[in-house]
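Report on the structure
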Amino acid sequence: MPGFYAAGEYDVAGFAVGAVARDAVIDGARIAEGDMLLGFPSSGVHSNGFSLVRKVLEVLPCLLCWTVWPPAP
């Protein structure tokens with residue numbers, strides 16, 4: 001990740017690959033009013049998201065000053 005790691009440093013990452021039957025693929029076609037969406041908190045930006053966040057803050061530094069509304073409990 002340019003600008004994140006010093007020369008000679010590196011990160012080791014893994015990934016997973018899976019398979020699913022065509023009739024079990026979740027593609028959004030059956031989403032309907034009343035369906036529930038679950039969200040889970042994150043401990044922060046992960047993996048290649050750092051490059052995007054750094055670029056956004058470079059272009060729009062004012063984002064560092066924004067406050068989330070309503071405030072979290």
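Figured I'd write up the structure that's included with this text. (Residues numbered from 1 in each chain as written. Predicted model: local features only at pLDDT ≥ 70, side-chain atom pairs only at ≥ 80, totals over all residues. Heavy atoms only, no water.)

Our next topic: the overall build of the chain. Secondary structure summary: the chain contains one helix and zero strands in total. Within the chain, the fraction of its 73 residues that count as buried is 1%. Carbon and sulfur atoms make up 63% of the accessible area of the chain, which totals about 7500 Å². (Helix = DSSP H or I, 4+ residues; strand = E, 2+ residues; numbered from the N terminus. Buried < 20%, exposed > 50% of the residue type's maximum accessible area, 1.4 Å probe, protein only. Areas by Shrake-Rupley, 256 points an atom, 1.4 Å probe, with all protein chains shown as cover.)

To continue, consider a nonpolar patch on the surface. A surface patch of nonpolar side chains, about 350 Å² in accessible area, is lined by L52, V56, V59 and L60. Tracing the chain through its elements places V59 in helix 1 (residues 49–59). Relative accessible area serves as the criterion here: at 54%, V59 is assigned to the exposed category. (Patch = residues over 30% accessible without salt bridge, like charges linked within 9 Å, V, L, I, M, F, W, Y side chains within 5 Å. Salt bridge = Lys/Arg side-chain N within 4 Å of Asp/Glu carboxyl O.)

Opposite charge on two side chains allows them to pair when their charged atoms are near. Applying the stated rule across the entire model yields one salt bridge. A salt bridge links K55 to E58; the shortest N-O distance between them is 3.3 Å. Taken as a pair, K55 and E58 lie in helix 1 at a separation of three residues, close to a single helical turn. Residue classification places K55 among the partly exposed residues on the basis of a relative accessible area of 47%.

This part is about the environment of R54. Within the fold, R54 resides in helix 1. A sequence separation of 51 residues divides R54 from G3, and the C-alpha atoms of the two residues are 9.2 Å apart.

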